[in-house]
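A structural walkthrough
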Amino acid sequence: MRLNHVMKISGIAAAGLLALTACGGATASPTTGGSEPSSSSSVAASPSASASPSAASSEGAGTSSGSYKTAAWALPISEAGDKLGTIKGESFSVDVYQVATDVASKDSMFVDKDTKENLLKKGDPVVYMNYVVTNTSSAEIPLSHSLITPNAKYTDWKYLGGMPSDSSSDGYKKHGLSSSGVKLKEKDPFVLKPGESFNIAENFAYTAGKETEIKVTMTPQGADGDLDHDKKETAETTVTLK
């Protein structure tokens, strides 16, 4: 069986490629529609490179429709688009919205090692997803700047390391979204009170009708300012893109 590989290329291409092979993957819970093939592997060109979207400014952020109680430190909540489902954790829930489709503003940093083809080229379609997170517990949840970590992956995705995305913040502003979720000049910890919500968005390579596994991790911030990994929660579900 041919192994599938992903190569992430740094901006200093002339300096050559630094490859680091990573093995293994997260085990899907019984609620998911699929899991990542164990035969996949990935290589990273630089520890500082990231396929996650950069934080957008508050300009162009969505406005709350009133269905959610927005935390004081959070940007306005957008309910634009189609609600595809809800992820339910022990102390939080996440409503998943497919907001818009667009095209990538530039080539991604992910290349198939065998074919040398970029997995998201400039002009390729991308989809913008918005996640509205609500504290469903009776206790306050102190959060760091990371808030939550969403990870969306097609159930038939062949590569480790997640799917490629457009790192430009312009698309988020265009569609009234934010990849940071927090108002400018707000300081952590960001206390999410019972019943309060915030939203955070991401984009990735788009294929209509794809079953998509979405996993969300929430790690509270401890009193010492560090992440409290003992209280980390992970929840996931599978939705179908429109």
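Each remark here, short or long, concerns the structure printed above.
To keep things clear, this report deals only with the structure shown in the data block. Just so we're clear, the structure is a prediction, and the values are computed from it rather than from any experiment. (Residues numbered from 1 in each chain as written. Predicted model: local features only at pLDDT ≥ 70, side-chain atom pairs only at ≥ 80, totals over all residues. Heavy atoms only, no water.)

A few points about the nonpolar core
Inside soluble globular proteins, nonpolar side chains tend to come together where they are buried. In this structure, Trp-73, Met-129, Tyr-131, Phe-198, Phe-204, Ile-214 and Leu-241 are the most contacted members of the largest nonpolar core, which totals 34 residues. Broken down by element, this core gets its largest block of residues, four residues, from strand E8 (residues 125-135). In this structure Tyr-131 touches Val-94, Asp-95, Val-96, Pro-150, Ala-152, Phe-198, Asn-199, Ile-200, Glu-202, Phe-204 and Ile-214, once residues within four positions along its chain are discounted. Counting 14 residues, the second-largest nonpolar core is a separate cluster that includes Tyr-97, Ala-104, Leu-120 and Tyr-172. (Core = buried A, V, L, I, M, F, W, Y, C linked by side-chain atoms within 4.5 Å. Buried < 20%, exposed > 50% of the residue type's maximum accessible area, 1.4 Å probe, protein only. Helix = DSSP H or I, 4+ residues; strand = E, 2+ residues; numbered from the N terminus. Contact = heavy atoms within 4.5 Å.)

Quick word on the pattern of salt bridges
The final tally for this structure, using the stated rule, is five salt bridges. Ionic pairing is found between Lys-121 and Glu-117, a salt bridge with its closest N-O pair at 2.7 Å. (Salt bridge = Lys/Arg side-chain N within 4 Å of Asp/Glu carboxyl O.)

Brief notes about the sheet that holds strand E4 (residues 69-70)
Strand order in the open sheet made by the five strands is E4-E12-E8-E6-E5, with mixed pairing throughout. Strand pairing shows two members of the sheet lacking a second neighbour, E4 and strand E5 (82-88), which therefore form its edges. When E8 meets strand E12 (residues 196-205), the two strands line up antiparallel, connected through nine bridges. Note on E12: the bridge partner recorded for Val-133 is Phe-198. (Pairing = 2+ DSSP bridges.)

Focus on the environment of Asn-199
By the element assignment, Asn-199 lies in strand E12. Expressed as a C-alpha distance, the spacing of Asn-199 and Pro-76, which sit 123 residues apart in the sequence, is 7.9 Å. When neighbours within four sequence positions are excluded, Asn-199 is seen to be in contact with Leu-75, Pro-76, Ile-77, Ser-78, Asn-130, Tyr-131, Val-132 and Gly-181. Polar side-chain contacts of Asn-199 include one of 3.5 Å to the backbone oxygen of Pro-76. Of note is the side chain of Asn-199, whose polar atom sits 2.8 Å from the backbone nitrogen of Ser-78. (Polar contact = N/O pair within 3.5 Å; in protein donor to acceptor, adjacent residues only side chain to side chain.)

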